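Each chain is listed here by its residues.
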Amino acid sequence: MIYSAEVQHMCSVGKGAYHGPAPIPEEGKWVQAKQISDISGFTHGIGWCAPQQGCCKLTLNVKEGIIEEALVETLGCSGMTHSAAMASEILIGKTLLEALNTDLVCDAINTAMRELFLQIVYGRTQSAFSEDGLAVGASLEDLGKGLRSQVGTMFATKAKGPRYLEMAEGYVTRIALDEENLITGYEFINLGKMMDFIKKGDDANEAMQKAKGSYGRFADAAKYIDPRHE
């Protein structure tokens, strides 16, 4: 340790009581976190790239400082999906500090890691008040049946109005309109369910029909349009 001349000539003064760090909530306990192994929690972070062309939702389950589970969801950039594939391999088994200082291939994933780190080390996790936290694998519950991300895709123009393309329920096939051309509902295909039916041996057309559903006053519409072609 090198000290400046000014410091070397100072007299020593006691600093008094040591209070330690403020405790943070972690998995149903109050913890005075002093090292990375003191940190546990399950939470999410959102990141974006410099051109703001795509974004990432990153979910981590951390136990005693080690990343035991990762869910990487990306949107808006084709290359980012490949980055997510690599990040899913990179993150597992690393400490939070290692992950924060590791190149996760894509700016959006790196930014999500930074934002998520802040939540975890400040005790703002989803599992902060859950005794023993959440089991490894809990992030899959966010995906639902078929293990697909919750995606909403809408397009609209002033000239022609809105088009619903994909909702949480699935891929939108038809939009229902009333007599005034106002949207009253939509028909969708749950692609996760459809693929499950096909895997079980159903014909593709049969599987598609079984995976269809509708929302709103779809059946009472004056007319229907294909949001991608009309």
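Our subject in this report is the structure included herewith. Treat the numbers as computed from the prediction; the structure is a model and nothing was measured.

Strands sit in the order β3-β4-β5 across an open sheet of three strands; the sheet is antiparallel. Among the strands making up the open sheet, the edge pair consists of β3 (41-48) and β5 (66-75). Adjacent strand axes in the sheet meet at a mean angle of 15 degrees when their direction is disregarded. Of the pairings in the sheet, the one linking β3 to strand β4 (residues 55-63) comprises eight bridges and is antiparallel in character. From the neighbouring strand, Gly45 faces β4, where its bridge partner is Leu58. Set on the sheet, helix α2 (residues 78-91) makes contact with β4 and β5; between it and β5 the angle comes to about 175 degrees. Contacts from helix α4 (residues 107-121) reach β3, β4 and β5, with the element oriented near 140 degrees to β3.

With that settled, consider the packing of α2 against α4. One way to put it is that α2 packs onto α4 with a least axis distance of 9 Å and a crossing angle of 45 degrees. When the axes of α2 and α4 are compared, the pair comes out oblique. Along the contact surface, α2 presents Met80, Ser83, Ala84, Ala87 and Leu91, while α4 presents Ala108, Ile109 and Met113. Class assignment of the residues belonging to the contact of α2 with α4 gives a composition of seven nonpolar, one polar and no charged.

On to unusual backbone geometry, then. At Glu64, a residue that is not glycine, the phi angle is positive and equals roughly 50 degrees. Tracing the sequence through the fold places Glu64 in the loop between β4 and β5. Given the relative accessible area of 60%, Glu64 is considered exposed. Residues other than glycine seldom take positive phi values, yet Asp132 does so here, at roughly 65 degrees.

Quick look at the nonpolar core now. Formed by 24 residues in total, the largest nonpolar core has its most connected members in Cys56, Leu58, Leu60, Leu91, Leu96, Ile109 and Met113. Secondary-structure elements contributing two or more residues to this core are β4, β5, α2, α3 (96-100) and α4. Of the residues forming this core, the biggest block, seven residues, is contributed by α4. Once you skip the residues sitting within four places of it in the chain, Leu58 turns out to touch Thr43, His44, Gly45, Leu71, Val72, Leu91, Ile109, Ala112, Met113 and Leu116. Counting seven residues, the second largest nonpolar core, distinct from the first, contains Val172, Leu177, Phe188 and Ile225.

A few words on the pattern of salt bridges. Enumeration according to the criterion identifies seven salt bridges in this entry. Arg174 is the salt-bridge partner of Glu187, the closest N and O atoms lying 3.0 Å from each other. Taken as a pair, Glu187 in strand β9 (residues 183-189) and Arg174 in strand β8 (residues 170-177) lie far apart in primary sequence, 13 residues in all. By relative accessible area, which is 9% here, Glu187 ends up buried. Accessibility expressed as a relative area gives 31% for Arg174, which makes it partly exposed. Three or more residues are tied together by salt bridges with common partners; here these are Lys57, Glu73 and Asp142.

Once that is clear, we can look at the environment of Ala219. You can see Ala219 is positioned in the loop between β10 (212-216) and β11 (223-225). Between the alpha carbons of Ala219 and Ala128 there is a distance of 45 Å; along the sequence they are 91 residues apart.

Another point: a nonpolar patch on the surface. A cluster of nonpolar residues, Met1, Tyr3, Val7 and Met10, forms a patch on the protein surface that exposes about 510 Å² of accessible area. With respect to the element layout, Met10 can be found in the loop between α1 (5-8) and β1 (24-26).

Right, let's talk about the side chain of Arg163 for a bit. With respect to the helices and strands, the residue Arg163 is situated in strand β7 (residues 161-167). Here Arg163 is buried and forms no salt bridge, its nearest opposite-charge partner Asp226 lying at an N-O distance of 8.0 Å. In this structure the side chain of Arg163 is engaged in a polar contact, spanning 3.0 Å, whose partner is the backbone oxygen of Lys160. Leaving out residues up to four positions away in the same chain, Arg163 has contacts with Thr153, Met154, Phe155, Ile175, Ile225, Pro227 and Glu230.

Moving on, we come to α2. An α-helix turns once per 3.6 residues; consequently, residues spaced three or four apart project the same way. Spanning 14 residues, α2 covers 21 Å between terminal C-alpha atoms, matching the ideal 20 Å at 1.5 Å per step. Contacts made by the buried residues of α2 are with β4, β5, α3 and α4. Within two residues after α2, Gly93 carries a phi angle of roughly 90 degrees, on the positive side.

Calculation criteria
- Residues numbered from 1 in each chain as written.
- Predicted model: local features only at pLDDT ≥ 70, side-chain atom pairs only at ≥ 80, totals over all residues.
- Heavy atoms only, no water.
- Pairing = 2+ DSSP bridges.
- Helix = DSSP H or I, 4+ residues; strand = E, 2+ residues; numbered from the N terminus.
- Axes fitted to C-alpha atoms, helices over the stretch in contact; angles between N-to-C directions.
- Contact = heavy atoms within 4.5 Å.
- Parallel < 35°, antiparallel > 145°, perpendicular 65-115°, else oblique.
- Nonpolar A, V, L, I, M, F, W, Y, C, P; charged D, E, K, R; others polar.
- Buried < 20%, exposed > 50% of the residue type's maximum accessible area, 1.4 Å probe, protein only.
- Core = buried A, V, L, I, M, F, W, Y, C linked by side-chain atoms within 4.5 Å.
- Salt bridge = Lys/Arg side-chain N within 4 Å of Asp/Glu carboxyl O.
- Patch = residues over 30% accessible without salt bridge, like charges linked within 9 Å, V, L, I, M, F, W, Y side chains within 5 Å.
- Areas by Shrake-Rupley, 256 points an atom, 1.4 Å probe, with all protein chains shown as cover.
- Lys, Arg positive; Asp, Glu negative; His and termini not counted.
- Polar contact = N/O pair within 3.5 Å; in protein donor to acceptor, adjacent residues only side chain to side chain.
- Expected span 1.5 Å × (residues − 1).

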